[in-house]
Number of protein chains: 2
Amino acid sequence: MNDPTFEIAAPANWPDIWEVFRTVVASGTTYMFPPDMRQPDARAAWMPAHAARHRTFVARLDGAIVATAILRPNQPGLGDHVANAAWMVHPDAAGRGVGRRFAEYVIEAAQDAGYQAMQFNAVVDTNVRAIRLWESLGFATIGTVPAAFRHAELGPVSVRIMHRSLAVD
Amino acid sequence: MNDPTFEIAAPANWPDIWEVFRTVVASGTTYMFPPDMRQPDARAAWMPAHAARHRTFVARLDGAIVATAILRPNQPGLGDHVANAAWMVHPDAAGRGVGRRFAEYVIEAAQDAGYQAMQFNAVVDTNVRAIRLWESLGFATIGTVPAAFRHAELGPVSVRIMHRSLAVD
């Protein structure tokens, strides 16, 4: 098996991205997006046609798209030096190291784009694998919002706000 | 002088709202929006034509619009039970009790709409008057993001994430 490869998404990739998005969101356990989100709304959120600094990425294993990510400013204007990013890995590709390497790739893309920090606004507190990954990549939990996520299986759970500097030494 | 009055904004109010928005944002001291934000972008952000649960309000003193606010879900889907809100008071109307009463009005509107909590994502740490107001209304700082705001006069300053329950006893 070859290593995963990463690239900026092209509009023609949307059907493959949608398959990842749909599958991940449907579980209702890690993302705020409605589990039954409609395809055009998903596309507008994840791969908008007109959003100046919004970038969408894909990861491939053996040529097939198995994961997708976005990178964008977390706030407009006077806050647009802090990035926000999000990743989705198709469950069939879990455990193959795609997530970590894809995370490193997008973080480096954020540094290259001049962002000074990265912030996640809603890491579901029960998503232990994600939290461990972010902590291992230098993110710290800077706040916790009680009961902010209606987990499909567990009911109301907290979400973490996580942050790290992107300063290049 | 009469008490301020509050109402849901009508499209015809936009020119008056824009005057408040433009003036507040131009200072570059309290809002992320670019100080030179263009009018159509401001309208799309503050008073969007198609955003299901986004509400825009105005406050009047002696009939004239002196302040505006928005109320919306802070997150989509499984997080849409937490509200986000923001207020702008024209500096000429400052110190006349509009801000506090307008805050109470919108918080009550959020409760009436069924929101279970309210979250602010970016309260500028040097905006002491706002922070005191939010604390007096039951909000707590649940996190601080270092250097997340490029203050027009002070350079990089922190922003607070503030939160309160809207549970009705």
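Structure's up top.
If you're wondering where the values come from, they're calculated on a predicted model, not measured in any experiment.

A few points about the interface of chain A and chain B
- Counting residues at the interface gives 28 residues for chain A, matched by 28 residues for chain B.
- Taking both sides of the interface into account, the surface hidden between chain A and chain B amounts to around 2,200 Å²; carbon and sulfur atoms contribute 63%.
- Of all residues in chain A, Met-32, Leu-78 and Arg-150 of chain A bury the most surface against chain B, accounting for 34% of the area lost on that side.
- At the junction of chain A with chain B, the criterion picks out two salt bridges.
- Seen at the junction of chain A and chain B, the total is twelve residue pairs in polar contact (both at pLDDT 80 or more).
- Elements supplying a minimum of two residues to the side of chain A that touches chain B: strand S5 (117-124), strand S6 (140-151) and strand S7 (155-165) of chain A.
- Looking at the side of chain A that touches chain B, the element that brings in the most residues is S6 of chain A, giving nine residues.
- Here the residues of the side of chain A that touches chain B sort into 16 nonpolar, ten polar and two charged.

Considering the pattern of salt bridges
- Applying the stated criterion across every chain, the model contains 16 salt bridges over all chains.
- A salt bridge links Asp-41 of chain A to Arg-38 of chain A; the shortest N-O distance between them is 3.4 Å.
- Exposure remark for Asp-41 of chain A: the relative accessible area of 36% places this residue in the partly exposed category.
- Residue class for Arg-38 of chain A comes out exposed when judged on its relative accessible area of 53%.
- Each member of the salt-bridge network shares a partner with another, and the members are Arg-53 and Asp-80 of chain A together with Arg-150 of chain B.

A short note on the packing of helix H1 (residues 14-26) of chain B against helix H2 (residues 39-46) of chain B
All names here are of chain B.
- Running from N to C, H1 and H2 point in directions that differ by 100°, and their axes come no closer than 11 Å. Compared by their axis directions, H1 and H2 come out roughly perpendicular. Across from Trp-14, Ile-17, Trp-18 and Phe-21 in H1, the residues of H2 making contact are Gln-39, Ala-42, Arg-43 and Trp-46.
- Split by residue class, the contact of H1 with H2 holds six nonpolar, one polar and one charged.

Structural notes on the packing of aromatic side chains
- Considering all chains together, one arrives at 30 aromatic pairs over all chains under this definition.
- Taken together, a centroid distance of 6.1 Å and an interplanar angle of 25° make the contact between Trp-18 of chain B and Phe-21 of chain B stacked. Here Trp-18 of chain B and its partner Phe-21 of chain B are both found in helix H1, three residues apart, which amounts to about one turn of the helix.
- On the basis of relative accessible area, Phe-21 of chain B is assigned to the buried category, the value being 1%.
- Ring centres of Trp-87 of chain B and Trp-134 of chain B lie 4.8 Å apart, and the angle between their planes is 40°; on these two criteria the pair is classed as tilted. Placement of the pair is Trp-87 of chain B in strand S4 (residues 82-89) and Trp-134 of chain B in helix H4 (residues 128-136), with a sequence separation of 47 residues.
- Sitting over the ring of Phe-139 of chain A, Arg-164 of chain A keeps its end group 6.0 Å from the ring centre.

Thresholds applied
The numbering scheme is per chain: residues are counted from 1 as the chain's sequence reads. Whichever chain is written first is A, and whichever ligand is written first is 1; the rest continue in order. Side-chain atom pairs in this predicted model are given and counted only at pLDDT of 80 or more, local residue features only at pLDDT of at least 70, and totals for whole chains, interfaces and linings cover all residues. The side-chain values count all of the structure's non-hydrogen atoms but skip hydrogen atoms and water molecules. Residue contacts are counted whenever heavy atoms from the two residues lie within 4.5 Å of one another. In short, buried area is how much 1.4 Å probe accessible area vanishes from two parts on joining, totalled over both. In the sections that follow, a salt bridge refers to a side-chain nitrogen of Lys or Arg positioned within 4 Å of a carboxyl oxygen of Asp or Glu. As used in this structure description, the phrase polar contact means that two N or O atoms lie within 3.5 Å; if the pair is within protein, one of them must be able to donate a hydrogen and the other to accept it, and residues adjacent in sequence are counted only when both atoms belong to side chains. Comment: elements are numbered from the N terminus, with helices defined as DSSP H or I runs of at least four residues and strands as E runs of at least two. Asp, Glu, Lys and Arg are counted as charged, while Ala, Val, Leu, Ile, Met, Phe, Trp, Tyr, Cys and Pro are counted as nonpolar; the rest, among them Gly, fall into the polar class. Relative accessibility under 20% of the residue-type maximum defines a buried residue, over 50% an exposed one, and the middle range a partly exposed one, all with a 1.4 Å probe and only protein chains included. Note on geometry: axes are C-alpha line fits, over the in-contact stretch for helices, and angles between N-to-C directions span 0 to 180 degrees. The labels follow the angle: roughly parallel below 35 degrees, roughly antiparallel above 145, roughly perpendicular from 65 to 115, and oblique for the rest. Only Phe, Tyr and Trp rings are paired, with Trp represented by its six-membered ring, and only when their centres lie within 6.5 Å; those with planes under 30 degrees apart are stacked, over 60 edge-to-face, the remainder tilted. When the NZ atom of lysine or the CZ atom of arginine is within 6 Å of a ring's centre and also within 35 degrees of its normal, the charge is said to sit over that ring.

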